[in-house]
Amino acid sequence: MILVGLILLVVGFLTGISILWTIGLILLVVGAVLWILGSVGHAVGGRRHYW
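Note that the structure is predicted; figures quoted are calculated from it, not measured.

> What should I look at first to understand helix α1 (residues 2-15) in this one?
Because each turn of an α-helix spans 3.6 residues, side chains separated by three or four positions end up pointing in the same direction. When the terminal C-alpha atoms of α1 are compared, their 20 Å separation across 14 residues agrees well with the 20 Å that a helix rising 1.5 Å per residue should span. Gly5, Leu8, Leu9 and Gly12 are the residues of α1 that are buried. The buried residues of α1 occupy an angular sector of 105° when projected down its axis, which confines them to one face. Opposite its buried face, α1 presents the exposed residues Leu3 and Leu14, each directed more than 90 degrees away. Note on α1: the residue one or two positions beyond its end, Gly16, has a positive phi of about 80°.

And the structure:
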């Protein structure tokens, strides 16, 4: 999810399409939160690890 967010950020920045920039930013933040929750041992979506 983090990788897709980064790709959308770059594509949105290069093409000037603001919706891609917004979606990329949202995916990047959500992916980072899930990664942090999974790394501290908190179960995410019923799983012990999120990757």
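> When you look at helix α2 (residues 18-39) in this model, what are you seeing that I'm missing?
In this model α2 runs 31 Å from its N-terminal to its C-terminal C-alpha over 22 residues, within 8% of the 32 Å that 1.5 Å per residue would give. Within α2, the full set of buried residues consists of Gly24, Gly31, Leu34 and Gly38. When α2 is viewed along its axis, its buried side chains cluster within an angular range of 100° and face the same direction. Turned more than 90 degrees from where α2 packs its buried face, Ser18, Ile26 and Ile36 sit exposed. Looking at the packing, one finds that the buried side of α2 touches α1. Downstream of α2 by a residue or two, Gly41 has a phi angle that is positive, lying close to 95°.

Scoring rules and cut-offs
- Residues numbered from 1 in each chain as written.
- Predicted model: local features only at pLDDT ≥ 70, side-chain atom pairs only at ≥ 80, totals over all residues.
- Heavy atoms only, no water.
- Helix = DSSP H or I, 4+ residues; strand = E, 2+ residues; numbered from the N terminus.
- Expected span 1.5 Å × (residues − 1).
- Buried < 20%, exposed > 50% of the residue type's maximum accessible area, 1.4 Å probe, protein only.
- Arc of directions from axis to C-beta.
- Contact = heavy atoms within 4.5 Å.

Just geometry here; none of it tells us what the structure is for.
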